[in-house]
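Here is how the chains run, residue by residue.
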Amino acid sequence: MTNLRMNSRPYDWPFDGDFSRDNTALVIIDMQNDFCSKGGYVDVLERYSEYLQKVQQTVIPNLEKLLEMARTKGLFVIHTREGH
């Protein structure tokens, strides 16, 4: 797929240098309305308003870009959500 390397500590990623559609997936966890959207549970709790604003301004747009790249490259994409 690509010869992608990310310099990091304690070791570079991918560790073994093998990054392909056969061994890589994007897993997106708990991007639910209650945690990420206006009117959701977190939005109602005033003490989390700054958290929600950061999620909406930074996390979601970056995740959208990552998801688009993963789909373009043909990676397996998994969405999960936790239910209570």
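Residues numbered from 1 in each chain as written. Predicted model: local features only at pLDDT ≥ 70, side-chain atom pairs only at ≥ 80, totals over all residues. Heavy atoms only, no water.

(A) Just a nonpolar patch on the surface, in detail. A cluster of nonpolar side chains, contributed by F35, Y48 and Y51, occupies part of the molecular surface with about 270 Å² of accessible area. Summarising the element assignment, Y48 is placed in the loop between α2 (41-44) and α3 (49-72). (Patch = residues over 30% accessible without salt bridge, like charges linked within 9 Å, V, L, I, M, F, W, Y side chains within 5 Å. Areas by Shrake-Rupley, 256 points an atom, 1.4 Å probe, with all protein chains shown as cover. Salt bridge = Lys/Arg side-chain N within 4 Å of Asp/Glu carboxyl O. Helix = DSSP H or I, 4+ residues; strand = E, 2+ residues; numbered from the N terminus.)

(B) Broad picture of the nonpolar core. The biggest cluster of nonpolar side chains holds seven residues, and these are L26, I28, L63, L67, A70, L75 and V77. For this core, the element with the highest residue contribution is α3, accounting for three residues. When near neighbours in sequence (up to four residues on either side) are disregarded, V77 contacts L26, L67, A70 and R71. (Core = buried A, V, L, I, M, F, W, Y, C linked by side-chain atoms within 4.5 Å. Buried < 20%, exposed > 50% of the residue type's maximum accessible area, 1.4 Å probe, protein only. Contact = heavy atoms within 4.5 Å.)

(C) Focus on the side chain of T24. Examined against the element boundaries, T24 turns out to sit in the segment before β1 (25-29). There is a polar contact of 2.8 Å between the side chain of T24 and the side chain of N23. With residues up to four places along the chain from it excluded, the contact list for T24 reads F19, L75 and F76. (Polar contact = N/O pair within 3.5 Å; in protein donor to acceptor, adjacent residues only side chain to side chain.)

(D) Focus on the confidence of the model for the protein chain. For the protein chain, the mean per-residue pLDDT works out to 79, and 87% of the residues sit at or above 70. No element of the protein chain has a lower mean pLDDT than helix α1 (residues 33-36), at 74, and none a higher one than strand β2 (residues 76-80), at 91. (pLDDT = per-residue confidence, 0-100.)

(E) Structural context of the pairing of β1. Because side chains alternate across β1, one face comprises the buried residues L26 and I28, and the other comprises A25, V27 and I29, none of which is buried. Here β1 pairs with β2 via five bridges, running parallel. Residue pairing across strands places I29 opposite T80, the latter belonging to β2. (Pairing = 2+ DSSP bridges.)

(F) Spotlight on α3. End to end, α3 covers 34 Å across 24 residues, agreeing with the expected 34 Å (1.5 Å per residue, within 8%). At V55, α3 shows its largest kink, close to 40 degrees. Those residues of α3 lying buried are L52, V55, L63, L67 and A70. Positioned one or two residues after α3, G74 has a phi angle of 80 degrees, which is positive. (Expected span 1.5 Å × (residues − 1). Bend = angle between axes of the 7 residues up to and from the residue.)

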